Amino acid sequence: MIEDEDRKTAVTNKSVLEQINSLKREDERLYNILAIDVWALAKTMDEYQPGFWSAFMKNREKALKRFLTEVMKNKSADSKRPPFLR
């Protein structure tokens, strides 16, 4: 009885691990596709409007800084968390 349950658990664990690995591979594949899409868009836009990528990255940096400032301002102080996680 116990051996049968252990085998079933082992099979179930193996199945779950395979599904997790499959999802990780799919996530990485989608990330790579997105990176190629962004590169193709930037390359194309740079051909039509020289300096596009440089301006895009400057705007992205400003937006990221603004976003981080807003997140830090709106973050509630949880005294139970360590300071580096607040």
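The structure we're discussing is the one just above.
None of the values given here were measured: they were computed from a predicted structure. (Residues numbered from 1 in each chain as written. Predicted model: local features only at pLDDT ≥ 70, side-chain atom pairs only at ≥ 80, totals over all residues. Heavy atoms only, no water.)

(A) Broad picture of the pattern of salt bridges. Under the counting rule described, the total for this entry stands at two salt bridges. Of the charged contacts in the structure, one is a salt bridge between Glu61 and Lys65, with a shortest N-O distance of 3.4 Å. Residue Glu61 and its partner Lys65 are located together in helix H2 (residues 52-74), separated by four residues, close to a single helical turn. Exposure remark for Glu61: the relative accessible area of 46% places this residue in the partly exposed category. In this structure, the salt-bridge partner of Glu70 is Lys73, at a minimum N-O distance of 3.3 Å. Placement of the pair is Glu70 and Lys73 together in helix H2, with a separation of three residues, close to one helical turn. Overall, the relative accessible area of 36% leaves Glu70 in the partly exposed class. (Salt bridge = Lys/Arg side-chain N within 4 Å of Asp/Glu carboxyl O. Helix = DSSP H or I, 4+ residues; strand = E, 2+ residues; numbered from the N terminus. Buried < 20%, exposed > 50% of the residue type's maximum accessible area, 1.4 Å probe, protein only.)

(B) Main features of the environment of Ser54. Positionally, Ser54 belongs in helix H2. Classification of Ser54 as partly exposed rests on a relative accessible area of 41%. Expressed as a C-alpha distance, the spacing of Ser54 and Ala42, which sit twelve residues apart in the sequence, is 9.8 Å.

(C) Structural detail: a nonpolar patch on the surface. A cluster of nonpolar residues, Leu34, Val38, Trp53, Phe56 and Met57, forms a patch on the protein surface that exposes about 420 Å² of accessible area. Among the elements that line the nonpolar patch, the one with the most residues is H2, at three residues. Examined against the element boundaries, Phe56 turns out to sit in helix H2. (Patch = residues over 30% accessible without salt bridge, like charges linked within 9 Å, V, L, I, M, F, W, Y side chains within 5 Å. Areas by Shrake-Rupley, 256 points an atom, 1.4 Å probe, with all protein chains shown as cover.)

(D) Highlighting the packing of aromatic side chains. Taken as a whole and assessed by the stated rule, the structure comprises two aromatic pairs. Centre to centre, the rings of Phe52 and Phe56 are 6.2 Å apart; their planes meet at 20°, and the pair counts as stacked. Of the two residues, Phe52 and Phe56 are both situated in helix H2; the distance of four residues between them amounts to about one turn of the helix. Ring centres of Trp53 and Phe56 lie 5.3 Å apart, and the angle between their planes is 25°; on these two criteria the pair is classed as stacked. Of this pair, Trp53 and Phe56 are both found in helix H2, three residues apart, which corresponds to roughly one turn of the helix. (Phe/Tyr/Trp six-rings, centres within 6.5 Å; stacked < 30°, edge-to-face > 60°.)

Any functional reading would require information that these geometric values do not contain.
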